[in-house]
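Overview (structure and organization)
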Amino acid sequence: MSEKLRVGILGGTGMVGQRFISLLDNHPWFEVTTIGASPRSAGKTYEEAVGDRWKLEKPMPNGVKNIVVKNVNDVEEIASEVDFVFSAVDMSKEEIKKIEEDYAKTETPVVSNNSAHRWTEDVPMVVPEINPEHIEVIEFQKQRLKTKRGFIAVKPNCSIQAYAPALTAWKEYEPYEVVASTYQAISGAGKTFKDWPEMEGNIIPFISGEEEKSEREPLRLWGKIQGGVIVPANGPVITSQCIRVPVLYGHTASVFVKFKKEPTKEQLIKALREFSGEPQALKLPSAPEHYIQYLEDDNRPQVAKDVNFGNGMGVSIGRLRKDSVYDWKFIGLAHNTIRGAAGGAVLCAELLKAKGYINKK
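Every value quoted in this text rests on a predicted model; they were computed, and no experiment measured them. (Residues numbered from 1 in each chain as written. Predicted model: local features only at pLDDT ≥ 70, side-chain atom pairs only at ≥ 80, totals over all residues. Heavy atoms only, no water.)

A short note on the overall build of the chain
Going by this rule: Elements are defined by DSSP. Helices are runs of H or I of four residues or more, strands are runs of E of two residues or more, and each kind is numbered from the N terminus. The globule rule used for comparison is 2.2 Å times the number of residues to the exponent 0.38, while the radius of gyration itself is calculated over C-alpha atoms. Burial classification: accessible surface area is computed with a 1.4 Å probe over protein chains only, and a residue below 20% of its type maximum counts as buried, one above 50% as exposed, and the rest as partly exposed. Contacts between residues were defined by any pair of non-hydrogen atoms, one from each residue, lying within 4.5 Å. In this tally Asp and Glu are treated as negative and Lys and Arg as positive; neither His nor the chain ends contributes. By convention, the point assigned to a charge is CZ for Arg, NZ for Lys, CD for Glu and CG for Asp.
A tally of regular secondary structure across the chain gives 12 helices and 14 strands. Taken against the 2.2 N^0.38 rule, which gives 21 Å for 361 residues, the C-alpha radius of gyration of the chain at 20 Å falls within 12% of a compact globule. Projected onto the principal axes, the alpha-carbon positions of the chain cover approximately 60 × 50 × 35 Å. Split into buried and exposed, the 361 residues of the chain put 58% on the buried side. When contacts within the chain are restricted to residue pairs at least 6 apart in sequence, long-range pairs at least 24 apart make up 76% of them. Put simply, the chain has 47 plus and 48 minus side-chain charges, and the middle of one group is 1 Å from the middle of the other.

As structure tokens, this is what we get:
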């Protein structure tokens, strides 16, 4: 029997579910053994259920093609066959909250890509390089759920991955006011250009709910555990605009920052290049060797050249320069479906395994 942990993918036929399956192919610690999806997909092989809707450039892994898809609502059946699950279900927020708690209450850890539980006070929302200590709130969550092993952990919104890491690296200089405009790829909506031809040569200056997430979620990452819940930080104040652009992968951010202290450009770049976290220290399988790269060329970062830095798990920063209104401004770039979605959740699961929160049933 394999020593790898048995993994279920909830919502495995959608774009993020497909990315999970692709990233977990030949993973050293995890093996996809069960896939849950909507009732219309249940009973079909994964290859049949996806059909011509496979959205990634890399072909569907052979190891999952003949897995028979289960109804994601058959919680007990799926939970009995796995050690933990990744969640990428496409449901209403309330339905997601319920089904993820239902799985957790079967003593099955849930690592979710969804936003439903990001503001549940005892659910950690983790970028492993930024706030790994937040996983400690799981012990309080287990008390609420009355579980010994089951819990929910989530990863944050994809767009903040392009700028929150830089602001974290600069914490000692006390950023207090931030303007962050994000230019977001169509895969963030689960689309390709084949699905969404009207996006070619077009931008849409509205993404529902995205600006609120971009302004609030970094504050939760920088918060503290107090009284068994995560209390968000008070600052910096962030204001944001989010725009959909005709790019397949990669969210770009244009960011302006005011600092209480007065860092030099050299100090800011040094802080970026030296910033590291527990995934690097623990050498987790999905962790990039360097989390943040700083690019000197004026025309970088570019989606075409930089989105796959660190196998899509790294963050690229460039064009750091003085501003006439704010103190400094820069451009950030992160891969939205790898670091920003499935890859970020896989890294979170690796951290949870390394810390003893996920193990064999």
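Overview of the packing of aromatic side chains
Formally: What counts as a ring pair is set by centres within 6.5 Å for rings of Phe, Tyr and Trp (its six-membered ring), and what kind of pair is set by the plane angle: stacked under 30 degrees, edge-to-face over 60, tilted for all other angles.
Counted under the stated rule, the structure contains 11 aromatic pairs. Note on W170 and F330: the rings are 5.2 Å apart at their centroids and 90° apart in plane angle, and the pair reads as edge-to-face. In this pair, W170 is assigned in the loop between α7 (164–169) and β7 (175–184) and F330 in strand β14 (residues 328–334), connecting sequence segments 160 residues apart. On the basis of relative accessibility, which here comes to 0%, the residue W170 falls in the buried class.

Notes on unusual backbone geometry
Residues G235 and P236 are joined by a peptide bond in cis, for which omega reads 10°. Relative to the helices and strands, P236 resides in the loop between β9 (229–231) and β10 (237–244). Residue R300 is joined to P301 through a cis peptide bond whose omega torsion reads 5°. Backbone geometry places N311, a non-glycine residue, at a positive phi of 55°. Position of N311 among the secondary structure elements: in the loop between α11 (303–306) and β13 (315–322).

Thoughts on the pairing of strand β1 (residues 5–10)
Keep this limit in mind: Two strands qualify as a pair provided DSSP detects at least 2 bridges between them. A crossover gets the label right-handed when its path from the first strand over the helix to the second runs clockwise, viewed with the strands pointing away from the viewer.
Within β1, 5 of the 6 residues are buried, which leaves it mostly tucked inside the rest of the structure. Of the pairings in the sheet, the one linking β1 to strand β2 (residues 30–37) comprises 6 bridges and is parallel in character. Bridge pairing links L5 to F30 in β2. Note on the crossover from β1 through helix α1 (residues 15–23) to β2: the handedness is right-handed. When β1 meets strand β4 (residues 84–87), the two strands line up parallel, connected through 4 bridges. Pairing of G8 across the sheet is with V85, part of β4.

A word on the environment of I292
With respect to the helices, strands and loops of the structure, I292 is situated in strand β12 (residues 292–295). Judged by its relative accessible area of 3%, I292 falls in the buried class. With 85 residues separating them in the primary sequence, I292 and I207 have C-alpha atoms 26 Å apart. Once residues within four sequence positions are removed from consideration, I292 is found in contact with P165, A166, A169, L272, R273, F275, F309, V315 and I317.

Observations regarding the sheet that holds β10
So the rule is basically this: For every element, the axis is a line fit to its C-alpha atoms; helices are fit only across the contacting stretch, and the angle between N-to-C directions ranges from 0 to 180 degrees.
Spatial ordering of the open sheet is given by β10-β7-β11-β14-β13-β12, a layout of 6 strands whose pairing is mixed. Each having just a single partner strand, β10 and β12 make up the two edges of the open sheet. Strand-to-strand twist in this sheet, taken as the mean axis angle between neighbours without regard to direction, amounts to 20°. As judged from the 7 bridges shared by strand β11 (residues 251–259) and β14, these two strands associate in the antiparallel manner. Bridging from a neighbouring strand, F256 pairs with K329 of β14. Here helix α8 (residues 210–221) sits on the sheet and contacts β7 and β10; the angle it forms with β10, its principal contact strand, is near 145°.

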